[in-house]
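# Coordinate analysis (summary)
Okay, here's what each chain looks like letter by letter:
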Amino acid sequence: MTAYTNYALRTLMYCALHPDQIVRMEDVADAYGISKSHLMKAARQLGQLGYLENHRGRSGGVRLAMPPGKIVIGEVVRHTEGDMDLVECFNSTTNTCPIIGACKLTALFRTGLRAFLAELDKVTLEDMVSDRRKLLARLADFAER
């Protein structure tokens with residue numbers, strides 16, 4: 001998974017931990033110790049996809065646009081990861097591998113990717129933040145450092 005997808009998921013989790021609030025991206029960045037500019041890109045896409053409501057302006061920020069139980073982690077990953085070509089032979093247009101068709105890696109990686117996404121499809125954002133108290137305590141501990 002890319003850092004971009006990781007940041008998108010962290011943003012959704014932070015918003016789910018702060019329901020009914022407009023969350024500033026600066027607060028999300030500070031909470032996780034990550035780049036605000038990278039988070040902004042992910043938040044913009046999450047807004048376009050309907051996962052977040054994006055509020056502009058001085059008191060702007062983001063909040064969940066739907067209940068966390070409706071946000072399936074596998075779907076978010078598919079949207080933020082793009083093509084998910086794990087190996088070059090996944091893409092017939094750009095593949096240059098001379099053993100395509102004889103190599104078993106393609107089938108193995110396709111099976112693994114399907115299994116990975118199938119597991120993510122079983123989990124919602126609500127599941128990810130079900131231990132709200134513990135997650136908030138960890139974020140508070142991190143902020144104190």
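About the cut-offs
- Residues numbered from 1 in each chain as written.
- Predicted model: local features only at pLDDT ≥ 70, side-chain atom pairs only at ≥ 80, totals over all residues.
- Heavy atoms only, no water.
- Helix = DSSP H or I, 4+ residues; strand = E, 2+ residues; numbered from the N terminus.
- Buried < 20%, exposed > 50% of the residue type's maximum accessible area, 1.4 Å probe, protein only.
- Patch = residues over 30% accessible without salt bridge, like charges linked within 9 Å, V, L, I, M, F, W, Y side chains within 5 Å.
- Areas by Shrake-Rupley, 256 points an atom, 1.4 Å probe, with all protein chains shown as cover.
- Salt bridge = Lys/Arg side-chain N within 4 Å of Asp/Glu carboxyl O.
- Contact = heavy atoms within 4.5 Å.
- Pairing = 2+ DSSP bridges.
- Phe/Tyr/Trp six-rings, centres within 6.5 Å; stacked < 30°, edge-to-face > 60°.
- Core = buried A, V, L, I, M, F, W, Y, C linked by side-chain atoms within 4.5 Å.
- Axes fitted to C-alpha atoms, helices over the stretch in contact; angles between N-to-C directions.
- Parallel < 35°, antiparallel > 145°, perpendicular 65-115°, else oblique.
- Left-handed = near helix turned anticlockwise from the far one by under 90°.
- Nonpolar A, V, L, I, M, F, W, Y, C, P; charged D, E, K, R; others polar.

### Here's the deal with the overall build of the chain
Secondary structure summary: the chain contains seven helices and two strands in total. Counting from the amino terminus, helix and strand elements in the chain follow one another as α-α-α-β-β-α-α-α-α. Its C-alpha atoms give the chain principal-axis dimensions of roughly 55 × 30 × 30 Å. By the burial criterion, 34% of the 145 residues in the chain qualify as buried.

### Remarks on a nonpolar patch on the surface
Taken together, the side chains of L105, L108 and F109 make up a nonpolar region of the molecular surface, amounting to roughly 270 Å² of accessible area. Relative to the elements of secondary structure, L108 occurs in helix α5 (residues 105-120).

### Structural notes on the side chain of T124
Mapped onto the secondary structure, T124 falls in the loop between α5 and α6 (125-128). Taking the relative accessible area as the measure of exposure, T124 reaches 14% and is therefore buried. In contact with T124, not counting residues within four places along its chain, are P68, G69, I71, V72 and I73.

### Thoughts on the pairing of strand β1 (residues 52-55)
Where β1 lies against strand β2 (residues 61-64), four bridges are found, and the strand directions are antiparallel. Paired with E53 across the two strands is R63, which belongs to β2.

### Re the packing of aromatic side chains
A complete count under the given rule lists one aromatic pair for this structure. A ring pair is formed by Y14 and Y32, whose centres lie 6.3 Å apart and whose planes are at 70°; its orientation type is edge-to-face. Here the residue Y14 occupies a position in helix α1 (residues 3-17), and Y32 occupies one in helix α2 (residues 25-32), the gap between them amounting to 18 residues. With respect to burial, Y14 and Y32 carry one shared label: buried.

### Describing the nonpolar core
Grouped together as the largest cluster of nonpolar side chains are 36 residues, with contacts concentrated most on L12, L52 and L64. Within the residue set of this core, elements represented by two or more residues are α1, α2, α3 (36-48), β2, α4 (73-81) and α5. A total of nine residues in this core trace back to one element, the largest contributor, which is α1.

### With respect to the pattern of salt bridges
Proximity of charged atoms lets side chains of opposite charge pair with each other. Here the structure, examined in full by the defined rule, presents four salt bridges. With a shortest N-O distance of 2.7 Å, R78 and D121 are connected by a salt bridge. Linking R78 in helix α4 with D121 in the loop between α5 and α6, this pair joins segments that are 43 residues apart in sequence. Among the residues examined, D121 registers a relative accessible area of 33% and is labelled partly exposed. K122 is the partner of E119 in a salt bridge, and the nearest nitrogen-oxygen pair spans 2.8 Å.

### A closer look at the side chain of H18
With respect to the element layout, H18 can be found in the loop between α1 and α2. Judged by relative accessible area, H18 falls into the buried class, the value being 16%. For H18, the residues in contact, after removing those within four places along its chain, are V23 and L136.

### Points about the packing of α1 against α4
Two numbers describe how α1 lies on α4: the axes approach to 9 Å, and their chain directions differ by 140°. Put simply, α1 runs oblique to α4. The element α1 and its partner α4 pack so that their crossing is right-handed. On the side of α1, the interface is formed by Y4, T5, A8, L9 and L12, while α4 contributes I73, V76, V77, T80 and E81. Its residues assigned to classes, the contact of α1 with α4 shows seven nonpolar, two polar and one charged.

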